Each structure stands twice: as structure tokens, then as C-alpha cells.
Amino acid sequence: MRATMRQKYTWKQRRRLSDPIEEHAAFGDTESKVALSGHPLHAMMVAFPISLAVCTLGADAMYWFSAEEFWPRVALWTSGLAFLIGIVAGATGTVELLIAPGIRIRSASWTHFILAVMLLSVLGLNWGFRLPDHVAAVLPFGLLISALAAVMTGITGWHGGKLVFDYRIGTQAGPEG
């Protein structure tokens, strides 16, 4: 009976599966390469388009409730700045993705990248839709596009946060390595 147990044990050991990605030499190389004094530029910059996308939705809602023409002008500026700063933040994130092997090898990084490109498209649509006539653009389509942008911002940001907090992407290694 002991021989049978020993055989099962070695058989189980041989059947252990390993993740070839985790065994890849570059898997642990997730430290930010695009940084200022060790602080990742992408992480610092994404706060602006995130907050501006939500502010655009807020300005549209305020116009819907108050009908004051101040709010569509605010939404025009916030949507434009969300798109333009988002382009710069996206560029830093893309460079980070392409030059850091430990980031590039993870599928979750590519999911975040694809969602971010889709979000930038919606932010650009939101701004471009408002350029000809920012007041007429708000109801109903400007408000709907702003709501879509806010939801997509939440989803994309959640995936980005998961990369940082779960996978330690873009963070510096501690003294123990």
C-alpha cells in the first residue's frame, strides 16, 4: 500500500502545471520606466482626465436641471481637456506598456490598454460633438455621451487600479526586492 501511495505522490508531482508567463525571466520587471524621481508619469497624469470626464457629466446634468448657459461652456472645456490630457496620459502609458517587459507580458495590461483607447475615442467624440454648438449639443446626446464616458472611465480606471494594486505594475521594488 505504501508503494502505491508513493507512486501517486510522484505522479501528482509530475502533473503540476506551471505558468510559463510567471516563469519568464522578465515577469518581475514591472517597475515604471517613464517616471520622474521614481514616480510613474502615467499614474500621475490619469487623475486629470478621470476627474474631467466626471466633471463633464456633472456640468451636463447641471445644465439639464438649471438651463443656465454657463454649464455647457464648462462641459465644452472639461471634455476638451479630458481628451487632450488623456492623449498625453495615454501616450505615457503606451510607452510604459511597450518598454517594460513585465508589463507587456501580462494580458491584463493589454485589456487596460484597449479599454483606454476606447475611452479616448469616446472622450474625443464628446468634445468634437460640442465644438459646433456647445449649448445645443448637451441634450440629449451630450448628456448620454458624457454618461458613457463616465462609465467607461470607471471601468478603465478599475482595470488600471487592479494592475497597480494586485500586480504591482509601475511600482518600485522594495529593499527586500
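In this text, all values refer to a predicted model and were calculated from it rather than measured experimentally. (Residues numbered from 1 in each chain as written. Predicted model: local features only at pLDDT ≥ 70, side-chain atom pairs only at ≥ 80, totals over all residues. Heavy atoms only, no water.)

Asks: Can you help me understand the overall build of the protein chain in this one?
Replies: What the protein chain contains, in helices and strands, is 7 helices and 2 strands. Element order for the protein chain, N to C, with α for helix and β for strand: α-β-β-α-α-α-α-α-α. Looking at the 177 residues of the protein chain, the share that counts as buried comes to 32%. Across the protein chain, the fraction of contacts at a sequence separation of at least 24, relative to all contacts at a separation of at least 6, is 74%. Here the protein chain has roughly 11,100 Å² of accessible surface; of this, 68% comes from carbon and sulfur atoms. (Helix = DSSP H or I, 4+ residues; strand = E, 2+ residues; numbered from the N terminus. Buried < 20%, exposed > 50% of the residue type's maximum accessible area, 1.4 Å probe, protein only. Contact = heavy atoms within 4.5 Å. Areas by Shrake-Rupley, 256 points an atom, 1.4 Å probe, with all protein chains shown as cover.)

Asks: Quick question: what am I supposed to make of the nonpolar core here?
Replies: The nonpolar side chains of a soluble globular protein tend to be buried, and buried together. In this structure, Leu 52, Ala 53, Ala 82, Phe 83, Leu 119, Leu 120, Val 122, Leu 123, Ile 145, Ala 149 and Met 152 together form the largest nonpolar core, which totals 11 residues. Of all elements in the fold, only helix H3 (47–66), helix H4 (70–99), helix H6 (107–130) and helix H7 (138–167) reach the threshold of two or more residues within this core. Broken down by element, the residue count for this core peaks at 4 residues, all from H6. Leu 97, Ile 103, Leu 163 and Ile 169 belong to the second largest nonpolar core, which has 5 residues in total. (Core = buried A, V, L, I, M, F, W, Y, C linked by side-chain atoms within 4.5 Å.)

Asks: Quick question: what am I supposed to make of a nonpolar patch on the surface here?
Replies: A surface patch of nonpolar side chains, amounting to about 340 Å² of accessible area, comprises Val 95, Leu 98, Ile 99 and Trp 110. If you tally residues by element for the nonpolar patch, the top one is H4, at 3 residues. Mapping Ile 99 onto the fold places it in helix H4. Residue classification places Ile 99 among the partly exposed residues on the basis of a relative accessible area of 44%. (Patch = residues over 30% accessible without salt bridge, like charges linked within 9 Å, V, L, I, M, F, W, Y side chains within 5 Å. Salt bridge = Lys/Arg side-chain N within 4 Å of Asp/Glu carboxyl O.)

Asks: Got a minute to help me understand the packing of H4 against H6 in this structure?
Replies: Helices that pack against each other are described as a pair by the angle of their axes relative to one another and the distance between those axes. Across the interface, H4 lies against H6 with an axial gap of 9 Å and an inter-helix angle of 155 degrees. Classed by the angle they form, the pair H4 and H6 counts as roughly antiparallel. For H4 against H6, the interelement crossing comes out left-handed. In this structure, H4 uses Ala 75, Leu 76, Ser 79, Gly 80, Ala 82, Phe 83, Leu 84, Gly 86, Ile 87, Thr 94, Leu 97 and Leu 98 to contact H6, whose residues at the interface are Ser 109, Trp 110, Phe 113, Leu 120, Leu 123, Gly 124, Asn 126, Trp 127 and Arg 130. When its residues are assigned to classes, the contact of H4 with H6 shows 13 nonpolar, 7 polar and 1 charged. (Axes fitted to C-alpha atoms, helices over the stretch in contact; angles between N-to-C directions. Parallel < 35°, antiparallel > 145°, perpendicular 65-115°, else oblique. Left-handed = near helix turned anticlockwise from the far one by under 90°. Nonpolar A, V, L, I, M, F, W, Y, C, P; charged D, E, K, R; others polar.)

Asks: What's the story with the packing of aromatic side chains in this structure? I'm lost.
Replies: Aromatic rings in a pair are described by how distant their centres are and how their planes are angled relative to each other. Taken as a whole, this structure holds 5 aromatic pairs when the rule is applied. On the basis of an interplanar angle of 75 degrees and a centroid distance of 4.9 Å, the ring pair of Phe 70 and Trp 71 is categorised as edge-to-face. Classification of Phe 70 by relative accessible area gives partly exposed; the value is 42%. Under the relative-accessibility criterion, Trp 71 is labelled partly exposed at 22%. Taking the centre distance of 5.8 Å and the plane angle of 80 degrees together, the rings of Trp 110 and Phe 113 count as edge-to-face. With Trp 110 and Phe 113 both in helix H6, this residue pair falls 3 residues apart, about one helical turn. (Phe/Tyr/Trp six-rings, centres within 6.5 Å; stacked < 30°, edge-to-face > 60°.)

Asks: Just to check I follow, could you spell out H6 for this structure?
Replies: An α-helical turn contains 3.6 residues, so a residue and the one three or four places further along point in the same direction. With 24 residues, H6 extends 35 Å between its outermost C-alpha atoms, agreeing within 8% with the 34 Å of an ideal straight helix rising 1.5 Å per residue. Within H6, burial applies to Ser 109, His 112, Leu 115, Leu 119, Leu 120, Val 122, Leu 123, Gly 124, Asn 126 and Arg 130. Turning to H6, the residues buried within the fold contact helix H2 (41–45), H3, H4, helix H5 (101–104) and H7. (Expected span 1.5 Å × (residues − 1).)

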